[in-house]
Amino acid sequence: MDRIRIRGGKPLSGRIPIGGAKNATLPLMAAGLLSEGPLTLENAPDLADITTMRHLLVQHGMQVTQDKAERRLVLSGAADNLEAPYDLVRKMRASVLVLGPLVARFGEARVSLPGGCAIGTRPVDLHIKGLEQMGAVFDLEGGYMHAKAPQGLRGARIIFPQVSVGATENLLMAATLAEGTTELVNAAREPEIGDLAMCLMRMGARIEGIGTDRLVVEGVKRLGAATHPIIPDRIEAGTYACAAAITGGTVLLEGARMVDLGAVVRTLRECGVDVAEETAGLRITRSNGLRGADVMTEPFPGFATDMQAQFMALMCVAEGASMITETIFENRFMHVPELTRMGARIKYHGQSAIVRGVPKLSGAPVMATDLRASVSLVLAGLAAQGETIVNRVYHLDRGYEAIERKLSAVGAEIERI
């Protein structure tokens, strides 16, 4: 099994290209189920999660071709198998995003319940309730959601009791082919949802309110071919911003956009990190010491839960104390014991962690538990004295393309072994 070896203590300097957003690409691929013509996605990342979604769509009967050199995905054909099996859905929770498109276009879907995962259960009840309001009938048996809408879906006014990115995406896609008007109230506002909406409009959908918490969709009879460029990955950009900050370096994040990062930019500046927008992307610079700061994860434009672990690693070497509160997912502090193995001073209880900065971290063998936790250990290793070995790096490959190559290109001593 692959591991990452890091010898820390070297400031980063140079340029890091930011790839297409994983969290945008997955729902965009699911949207291919809605289209009667080919959907071409440009700036597509080459990640393990993309491969999993590709396998899922192929088993549904679609044709999916990937040109890694040109960073392009082409999805075509119609589904002839309406079941998403457990063996695929269990690998990636985003697989549940095929539910809405399948029911909307084909009138039926049988999708495995995702079950739990390392960072929490993340139930799908909002997906089910929303589709029921649109006329779908569900039968839950044998660990599967069996949905039927033989007469098609119809528009409805759906009020989310809490913000849900996945449910917003699923119901937005379903609404494009529903009869009449669908209104999604208290919808998630993440940039990836806006990207999905723009792609759907290129396919012929009618959507108003993009970027707000109220989406209004006027259903159409069919969606057609389109070409869509995927937005840059804001979480990858935020991660490499933390890498520059934790090493005291300066890095240009090519293609990154300030508007996508929300509260992360404000928090980095509060910690003493300079973030400047240039024509080519974002320049991240830390020339002085780091200051502690408090954060609470919130839906966009608040501080992203997918940046919580990386920020905690940064605060481990900041002056003073920081409080980090996780409000989105339970069990998302599993990186804490591994960071403490490297000399970090962290105490946590329930949803909050107190981090007291130390002058330096020490390299150690550590174990990754999930995608964002694993990259927080890489960040800590970049700042630590001595050698750090990160085990279970298959988590990293789900969301970071060629991370060791990108970091070594800007001066890090890092390799996959």
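Residues numbered from 1 in each chain as written. Predicted model: local features only at pLDDT ≥ 70, side-chain atom pairs only at ≥ 80, totals over all residues. Heavy atoms only, no water.

A. A look at unusual backbone geometry. Of note, the amide linkage connecting phenylalanine 300 to proline 301 takes the cis form, showing an omega dihedral of 10°. Relative to the elements of secondary structure, proline 301 occurs in the loop between strand 18 (295-296) and helix 11 (308-315). Positioned with a positive phi, arginine 71 is a non-glycine residue whose angle comes to about 55°. Inspection of the secondary structure puts arginine 71 in the loop between strand 4 (63-67) and strand 5 (72-76). (Helix = DSSP H or I, 4+ residues; strand = E, 2+ residues; numbered from the N terminus.)

B. The pairing of strand 15 (residues 250-254), seen in detail. For strand 2 (residues 13-17) and strand 15, the ladder comprises five bridges, and the chain directions are parallel. Bridging from a neighbouring strand, proline 17 pairs with glutamate 254 of strand 15. Bridge count for strand 15 against strand 17 (residues 281-285) is five bridges, and the pairing is antiparallel. Residue threonine 250 lies in a different strand from strand 17, and its bridge partner there is threonine 285. (Pairing = 2+ DSSP bridges.)

C. Structural detail: the sheet that holds strand 5. Taken in spatial order, the four strands line up as 4-5-3-14 in an open sheet, and their pairing is mixed. The outermost strands of the open sheet, each flanked by one partner alone, are strand 4 and strand 14 (226-229). Sheet twist, expressed as the mean angle between neighbouring strand axes with direction ignored, is 15°. Across four bridges, strand 3 (residues 39-42) lies against strand 5 in antiparallel orientation. Within strand 5, the position partnered with leucine 39 by the bridge is leucine 75. Running over the sheet, helix 7 (residues 191-202) touches strand 3 and strand 14 and is turned about 160° from strand 14. (Axes fitted to C-alpha atoms, helices over the stretch in contact; angles between N-to-C directions. Contact = heavy atoms within 4.5 Å.)

In short, the description is geometric, and any link to function would need to be established separately.
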